[in-house]
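What the coordinates show
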Amino acid sequence: MRNYLQKLKSFLLLMTLLVGISTAVNAQNRSVTGTVLDASFGDPVPGATVLVKGTTRGVATDLDGKFSIELQAGDQILVISFVGYLTQEIEIGNQSTITVNLEEDIQSLQEAVVIGYGSQDKKEITSAVVGVKPEDFNRGNVSNPAQLLQGKVAGLSITRPGGNPNSGFNVRLRGLSTFGANSSPLIVLDGVIGASLENVDPNDIQSIDVLKDGSAAAIYGARGSSGVILITTTKKSSKDGRASVSINAFGTMDQATNLIPILSAEEFVERGGTDFGSNTDWRNELIDDAFSYTTNASVSGGFNNTNYMASVNYRDNQGIVNGVSNKRLNTRLNLQQGVLDNKLRFNVNLSFTNVDSESINDAAFRYATLYNPTAPVFENSEDAVNRFDGYFQRDLFDFYNPVALANQQQFIGETKTALTSYRAEYDILPNLTVSAQYSQDRRNTLSGAFWSQYDFQVGLGAGGSAQRNTFDRSQKIFESTIRYEVDLSPSLNLTLLGGGATQTTKNQGFNARVRQYLFDLGWNNLGAGSIRLGNNTDVSSFANEDKLNSLFGRANFNYNNTYFFSASVRAETYSGFGDNNQTGIFPAFSAGADFNQIFDMGIFSQFKPRVSYGITGNLPPSPTLALGAYGNGNRIDLDGDPLTTNDVYVGIVQNSNPNKDLKWETKSEINFGIDFGLFNDKFTGSMDYYVRNISDLLFNVPVATGAPNPFDPGRFNTASSTWVNLADLKAGGFEFALAANAIELGPINWSPSINFTIYQKTTIESLSAGDLGFEELRFAPPGSPGQNNNPMIYNRVGQTLGDFYGPRLNGLTDGGEYILSTTDPNEFEKLGNGLPKGEFGFANNFVYGQWNLSFFLRGAWGHDLYNSYRGFYENADAGSNTWNSVVTDKTPTSPLVTSTPTFNSSYIENASFVRLDNMELGYNFKTSSPNLNSFRVYFAAQNLFTITNYTGVDPEVRITDSENGDGFTTSLSPGIERRNTYFQTRSLTLGVTVNFK
């Protein structure tokens, strides 16, 4: 009996163990199914991530928002997340079916900041990065994306002196970063590196993010020294089956403003000018109010797991002079498609732009200001009709009828750009994603120039002349990345990014010019020009190609949402550098801490100090600088007999000596910053202080031919110059930004923001490499007449870049002659500097019911400008009586200046200014129609007024000088307002925006 009971106990124990094991096994193999829905609309959320908390095991929801996940012992909580929604944690318990309603994370959507190859929450950013959303963009007739940011980002300087609709904007981030390489920030458009701003219409931009410091830009390596601007176009995603249509149309009137005061016809004759018997307002004859219009239309929507946005943008911008216009048609298609339960995602971005431009010779603005006011526009003399087609002209130096100049010279351009980008992403695991992107950026430009045979300046002596140019640029980029995110512990998150890229760029062009036409036929019939050699003729073509290969990686650490660290490195090999230095390494790191998670910060709702350091590079302006490339020389007649032509050849010349050591320009930058919020983020802002050292800048240095070439051992210099890494610069600055969120002024909400930058002006540390180099570089003579050999800007080692040097005007004699401190150029003293000490922007937005009013003030201080009109045309000497005289607040009148115009301190003016740059008043109508989402009417104005003591055309900062040298040294002569500056314009805009659903 006892034996039986023992066996029964053993059997029961065994059964208990089997049941326990079975239960455990069943628990391990248990699965949970569920559905993830949008809490607001009840629609399924495809592609949401469902993870078991504390593990990397997870799945993605299918097109219907459904999922099924296997559980193991100890699994207790599911974490459900999707971009743009608040993450939820669901306790599993005994549930086998779960329904999850995700709430939209509005704050997260607003705080996400795009960085290189991805995005981060703003709280995790440890570099100087600024995101700008559409509600903060500048308003009005904004034709260039750069205008959207003008004055909006501390340290980002965007300037365009004058009002020419065909002129681009000078964009500089934290000042000068190079002499002759690309000094504008790198544009990354929807992930396409090096895209042109012409590829996108301002109306299609969803956000712009600016990578300001070296650590943020270092992920772009050799192209990041001038900063990086990331542009994301609109990818509107509506719920399944819903489409929306948006139309924005407006008209703009431009008026010339701030015209320089000049003598009347009577005053001109009284001063001693020649009287031709008329009274002509030349500026009134040349300029008129201009009317422009713009239409933007887009349609966006989604179905199943597809989202799309298509847009058409047409802009017809007219200049204030007949014959100046810019007509632009941009079309865009953004398409997104997800398959395999949204694990595989495709993105296609297509953009096509056509630009037709017409221009005049900008010298017409100069002559409209200074031409003899007693001269008529036309005259009926036989000489005038036969030689000038009836226009009044006289054989005097630098004296051309401005109306004739505008009508008898023509310049046109036709530009076509196509940017196509194809991207695929695949989630190997919920936290492991690979991507590949191929893009092609093509730009084709066809331009023409024509000088009539009646054109007194050029065409008359050439018998008429015409020119045709083509330029084609093709850039192909293939990039692939892999991204891995993992929780190393409950408190430590790690995100890794790795990738590689290859870029090929090809440029080619053709130019032909002929002269002596029987009739004025223009650039469409070059064959009618009978003379194709000599002055005013040309035939040339070129082609070059370069390749850039890259490897890069980045690691981001987030510890307990309190401490943040990022490190990156990029290695690049470029075909355009010397054999010994074709590869560069660009590392960076940054760190920050959220003090609110550590201390009681009182009134500070945010307080995140950060520090960063990064090294970036700059590509050269040409891929042939290191090669010692050859070019075309003069025509050589071997036997000297002009009757024989089979022995005439074009000689070969070497442009520069080869340099096997030519390498990257590099910039190292350290940045200290603080992001802060006050009173529960009622006020938010940031402060940054940076120091940058720029080294090995490229420069073309004169050398002795026949001397040993130190960069190509064993060989000798066969050319008179060599491209070398020469200069070192140092700069720094302080940046501040502060914004207030909806301050209540009774029924009015006011949202102001301000930013300013204080620059530590660029200092020249060195202008030499070994035995080669300079102690100073002198640039920018005022020009003709009489001032061709008087450089105004001396760049000296140990001094700030862009210093004006010249004689100081100590007064005038009783007879009106200059009393100058010296006439010896080596004894000239520093008179000023063309770079600003600081810049600021102050934006204001008021909302009252359906009304909104915004206005934006922008300004700069501490920069000087050379006023070329005063420098040439305010004197009353006999030689100056050919031209009219400008009479500004600074023009001496008692006595009048009788000396021949000579550059001196009196023509360097403080050009600090404050400008009401932008204003808009709008009304949003209430809509009850089920098909009309919104209807808005607005009035906008640009450049309403400027407060300044500068007496020239425009006090805007001049960063470069187009008349200085060969284009490689334009940044070495800032602060010069040339006489051909296009007049300023004031713009008034009336528009309507309609959104259908």
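Whatever comes next refers back to the structure up there.
Quick look at the overall build of the protein chain
Looking only at helices and strands, the protein chain has 11 helices and 51 strands in total. By the compact-globule yardstick of 30 Å for 997 residues, the protein chain fits well, its C-alpha radius of gyration being 33 Å. The dimensions of the protein chain, computed from C-alpha atoms along their principal axes, are 145 × 75 × 60 Å. Accessible area for the protein chain stands at about 43,500 Å²; split by element, carbon and sulfur atoms hold 54% of it. Computed over 74 positive and 99 negative side-chain charges, the separation of the two mean positions in the protein chain equals 8 Å.

Overview of the pairing of strand β23 (residues 432–451)
Of the pairings in the sheet, the one linking strand β22 (residues 409–429) to β23 comprises 20 bridges and is antiparallel in character. Across the sheet, Ile412 pairs through a bridge with Gly448, a residue of β23. Taken together, β22 and the strand that follows it, β23, pair antiparallel across an intervening segment of two residues. Judged from the 20 bridges that link them, β23 and strand β24 (residues 465–489) form a sheet pairing that is antiparallel. Each bridged residue has a counterpart across the sheet, and for Gln437 the counterpart in β24 is Glu479.

Comments concerning the sheet that holds strand β50 (residues 976–977)
Reading across from one edge, β47-β46-β50 is the order of the three strands in this open sheet, with mixed pairing throughout. Lying at the two open borders of the sheet, with one neighbouring strand each, are β47 (908–910) and β50. Two strands pair when backbone bridges link them, and strand β46 (residues 864–867) and β47 are joined in this way by three bridges, in the antiparallel orientation. When the sheet's bridge partners are listed, Tyr866 is paired in β47 with Ile908.

Examining unusual backbone geometry
Each neighbour pair has its own omega, and for Ser784 with Pro785 the value is 10°, a cis peptide bond. One can find Pro785 in the loop between β38 (776–779) and β39 (793–796). Within the chain, Asp389 stands out as a residue other than glycine whose phi angle is a positive 60°. Along the polypeptide, Asp389 turns up in the loop between α8 (382–388) and α9 (402–408). By relative accessible area, which is 44% here, Asp389 ends up partly exposed. Phi is positive for Asn560, close to 60°, though the residue is something other than glycine. Exposure remark for Asn560: the relative accessible area of 46% places this residue in the partly exposed category.

Some remarks on the nonpolar core
Core analysis: the largest hydrophobic core is formed by 69 residues, its most contacted members being Phe179, Val321 and Tyr866. Sorting the residues of this core by element identifies α6 (282–286), α7 (363–370), α9, β33 (683–702), β34 (721–740), β36 (748–769), β38 and α11 (868–873) as the ones contributing at least two each. It is α7 that contributes the most residues to this core, six residues altogether. Ignoring sequence-local partners within four residues, the contact set of Phe179 consists of Leu697, Leu698, Phe699, Ala727, Leu729, Leu767, Leu801, Phe968, Ser971 and Leu972. In this structure, Val142, Ala146, Ala195 and Val200 belong to the second largest nonpolar core, which totals 23 residues.

Things to note about the packing of aromatic side chains
In the structure shown here, the tally under the stated rule is 40 aromatic pairs. Ring geometry for Phe276 versus Phe392: centroids 5.0 Å apart, planes at 70°, classification edge-to-face. Here the residue Phe276 occupies a position in the loop between α5 (265–271) and α6, and Phe392 occupies one in the loop between α8 and α9, the gap between them amounting to 116 residues. Residue classification places Phe392 among the buried positions, given a relative accessible area of 1%. When the ring centre of Trp451 is taken as reference, the NZ or CZ atom of Arg513 above it lies at 3.8 Å. Between Arg979 and the ring centre of Phe872, over which it is positioned, the NZ or CZ distance is 3.8 Å.

Quick notes on α7
Burial within α7 is extensive, with eight of its eight residues counted as buried. Those residues of α7 lying buried are Ala363, Ala364, Phe365, Arg366, Tyr367, Ala368, Thr369 and Leu370. Those residues of α7 hidden inside the fold are in contact with α6, α9 and α11.

Observations concerning the side chain of Arg515
With respect to the helices and strands, Arg515 occurs in strand β25 (residues 492–515). At 12 Å, Asp538 is the nearest oppositely charged side chain to Arg515, a buried residue that forms no salt bridge. Once you skip the residues sitting within four places of it in the chain, Arg515 turns out to touch Ala462, Gly464, Ser465, Gly529, Ser530, Ile531, Leu533, Asn535, Asn536 and Thr537.

Here's the deal with the pattern of salt bridges
This structure, assessed with the given rule, holds 43 salt bridges. Salt-bridge contacts for Asp696 lead to Lys663; the nearest nitrogen and oxygen are separated by 3.6 Å. Taken together, the positions of Asp696 in strand β33 and Lys663 in the loop between β31 (648–654) and β32 (665–678) put the pair 33 residues apart, joining distant regions of the chain. Since its relative accessible area comes to 30%, Lys663 is described here as partly exposed. As a salt-bridge pair, Glu776 and Arg796 come within 2.5 Å of each other at their nearest N and O atoms. With Glu776 in strand β38 and Arg796 in strand β39, this residue pair connects regions lying 20 residues apart in the sequence. Accessibility expressed as a relative area gives 23% for Glu776, which makes it partly exposed.

Cut-offs and rules
- Residues numbered from 1 in each chain as written.
- Predicted model: local features only at pLDDT ≥ 70, side-chain atom pairs only at ≥ 80, totals over all residues.
- Heavy atoms only, no water.
- Helix = DSSP H or I, 4+ residues; strand = E, 2+ residues; numbered from the N terminus.
- Rg over C-alpha atoms; globule rule 2.2 N^0.38 Å.
- Areas by Shrake-Rupley, 256 points an atom, 1.4 Å probe, with all protein chains shown as cover.
- Lys, Arg positive; Asp, Glu negative; His and termini not counted.
- Charge placed at Lys NZ, Arg CZ, Asp CG, Glu CD.
- Pairing = 2+ DSSP bridges.
- Buried < 20%, exposed > 50% of the residue type's maximum accessible area, 1.4 Å probe, protein only.
- Core = buried A, V, L, I, M, F, W, Y, C linked by side-chain atoms within 4.5 Å.
- Contact = heavy atoms within 4.5 Å.
- Phe/Tyr/Trp six-rings, centres within 6.5 Å; stacked < 30°, edge-to-face > 60°.
- Lys NZ or Arg CZ within 6 Å of the ring centre and 35° of its normal.
- Salt bridge = Lys/Arg side-chain N within 4 Å of Asp/Glu carboxyl O.

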